[in-house]
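Descriptive structure summary
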Amino acid sequence: MEKLLYEGKAKQVYEGQNENEYIIHYKDDATAGNGAKHDQFEGKGVLNNTISCIIFDMLEEAGIKTHMIEKINDRDIRVKKVEIFPLEVIVRNITAGSFCKRYGVKEGIVLDEPIFETSYKNDEYGDPLMNEDHAVALKLATREELAYIKETTLKINELLKAFFLKLNLKLVDFKIEFGKTADGEILLADEISPDSCRLWDVDTNQKYDKDVFRQDIGDLIETYKAVLARMQDK
């Protein structure tokens, strides 16, 4: 493996052989509450990498530009070198999680239209919600970049909803990140997996995502295996 550049909660980023590339390595760590809850589950990194690669391939085929170049092995992918916007981009289709706590609404309300949110990607300050004016004032992104990110994110939402519905899963909400290449191209980055999406069974509302770990309501590895099995069966 090349030189380690950055280590996050669930992944490591290494130098690539090409100066315009990185290698991302998926770890077996699971965290919740900005790292307050932490554990390791053997095989989690393999599952997340596999699931995310399938989804990124689907999005690429649908015209969404991503940082992914190729899957190297079970845990590693080669990606284009990007500078990540310090913004977490969130779409909510059904009420759940922090949205319910923040606004005092019950879980499971199907929203008339998706809610688009951004938060400041900064653990020290608890990833606070951030509007467009804040992001521009802090020079985290331009209005044009934010408009492109929102437009692309809403397209991704529609593609993911349709993809998961074929698996008999409802896409409740999800978090994604974007990065910018040296020549200014904005790409979908990071990952899309049950770590970053809430997925409920269409018929039973059983949870197939990291909430089984957050809420201690199920086996995380078996849950992620079940999501992958549905993808491979479709």
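First, a word on scope: everything that follows refers to the structure included in this document. (Residues numbered from 1 in each chain as written. Predicted model: local features only at pLDDT ≥ 70, side-chain atom pairs only at ≥ 80, totals over all residues. Heavy atoms only, no water.)

Moving on to the packing of helix H1 (residues 44-61) against helix H6 (residues 220-233). Interaxial distance between H1 and H6 falls to 10 Å at its minimum, and their mutual angle equals 30°. As judged from the angle between their axes, H1 and H6 are roughly parallel. Crossing angle aside, the handedness with which H1 passes H6 is left-handed. Along its contact with H1, which presents Lys44, Leu47, Asn48, Thr50, Ile51, Ile54 and Ile55, the element H6 presents Leu220, Ile221, Tyr224, Lys225, Val227, Leu228 and Met231. Residue composition of the contact of H1 with H6, by class: 10 nonpolar, two polar and two charged. (Axes fitted to C-alpha atoms, helices over the stretch in contact; angles between N-to-C directions. Helix = DSSP H or I, 4+ residues; strand = E, 2+ residues; numbered from the N terminus. Parallel < 35°, antiparallel > 145°, perpendicular 65-115°, else oblique. Left-handed = near helix turned anticlockwise from the far one by under 90°. Contact = heavy atoms within 4.5 Å. Nonpolar A, V, L, I, M, F, W, Y, C, P; charged D, E, K, R; others polar.)

One finds Ile55 and Phe164 to be the most contacted residues of the largest nonpolar core, which totals 52 residues. Per-element accounting of this core gives the leading share, seven residues, to H1. Setting aside anything within four residues of it in sequence, one finds Ile55 in contact with Leu160, Phe163, Phe164, Ile192 and Met231. (Core = buried A, V, L, I, M, F, W, Y, C linked by side-chain atoms within 4.5 Å. Buried < 20%, exposed > 50% of the residue type's maximum accessible area, 1.4 Å probe, protein only.)

So, on to the packing of aromatic side chains. Evaluation of the coordinates by the stated rule reveals three aromatic pairs. Pairing Phe41 with Phe213 gives two aromatic rings, centres 5.6 Å apart and planes at 85°, and the pair type is edge-to-face. With Phe41 in the loop between strand S5 (37-40) and H1 and Phe213 in helix H5 (residues 211-214), this residue pair connects regions lying 172 residues apart in the sequence. Exposure remark for Phe213: the relative accessible area of 6% places this residue in the buried category. In this structure, Lys37 packs its charged tip against the face of Phe213, placed 4.7 Å from the ring centre. Above the plane of the ring of Tyr208 lies Arg230, whose end atom (NZ or CZ) is 4.6 Å from the centre. (Phe/Tyr/Trp six-rings, centres within 6.5 Å; stacked < 30°, edge-to-face > 60°. Lys NZ or Arg CZ within 6 Å of the ring centre and 35° of its normal.)

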